[in-house]
Amino acid sequence: MIEKFFYLEGAYLILAGIILLVTLFVTTRPFMSHEAPKKGLIGVGLILALFIGAHFWMTSSRMAAVKAAFRHGKPVLCESRMLRKMAQSIEIRKGVAGWRLKGDNFVSPQYIRPFHVARCIVK
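Residues numbered from 1 in each chain as written. Predicted model: local features only at pLDDT ≥ 70, side-chain atom pairs only at ≥ 80, totals over all residues. Heavy atoms only, no water.

Caption draft 1: Quick look at the overall build of the chain. A tally of helices and strands in the chain yields two helices and six strands. Going residue by residue from the N terminus, the α and β elements of the chain occur as α-α-β-β-β-β-β-β. A compact globule built from 123 residues would reach a C-alpha radius of gyration of about 14 Å, whereas the chain, at 20 Å, exceeds it by more than 25%. Its C-alpha atoms give the chain principal-axis dimensions of roughly 65 × 30 × 20 Å. A buried classification covers 28% of the 123 residues belonging to the chain. Expressed as a percentage of contacts within the chain between residues at least 6 apart in sequence, the contacts between residues at least 24 apart total 50%. Total accessible area on the chain is roughly 8600 Å²; 68% of this is exposed by carbon and sulfur atoms. Here the chain contributes 18 positively and 6 negatively charged side chains, and the mean placements of these two sets differ by 6 Å. (Helix = DSSP H or I, 4+ residues; strand = E, 2+ residues; numbered from the N terminus. Rg over C-alpha atoms; globule rule 2.2 N^0.38 Å. Buried < 20%, exposed > 50% of the residue type's maximum accessible area, 1.4 Å probe, protein only. Contact = heavy atoms within 4.5 Å. Areas by Shrake-Rupley, 256 points an atom, 1.4 Å probe, with all protein chains shown as cover. Lys, Arg positive; Asp, Glu negative; His and termini not counted. Charge placed at Lys NZ, Arg CZ, Asp CG, Glu CD.)

Caption draft 2: Layout of the sheet that holds strand 5 (residues 115-116). Pairing is antiparallel in the open sheet, where three strands are placed in the order 3-4-5. Both outer strands of the open sheet, strand 3 (100-102) and strand 5, are each paired with one neighbouring strand and no more. Across three bridges, strand 3 lies against strand 4 (residues 105-107) in antiparallel orientation. Across the sheet, residue Lys102 finds its bridge partner in strand 4, namely Asn105. Set on the sheet, helix 2 (residues 36-71) makes contact with strand 3, strand 4 and strand 5; between it and strand 3 the angle comes to about 140 degrees. (Pairing = 2+ DSSP bridges. Axes fitted to C-alpha atoms, helices over the stretch in contact; angles between N-to-C directions.)

Take a look at the structure:
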């Protein structure tokens, strides 16, 4: 679970770290009070943790819904990063074109790259 969290939210955690560094820099300026760094880091840190946690919860919920829909034979739309010029998304359905679920990826012998479930929605 923690591995999945770092995989899905890694970029946001790096951005949050940068935001906390900027907060620390601003709150340690001479014109700020001595309590500003503590209050600033706690406040901004809590807000960032809330946003990142909410994003992870929404993404995990959507991934579970996509996997369940695929297992029941419903169509799933996935973002295609290979075909940017023609089709922005591809429809995936169980039993069609050899699609199968391997971990958190949809794979097919007809496609070179797998499609991660986090980049998909139920049609």
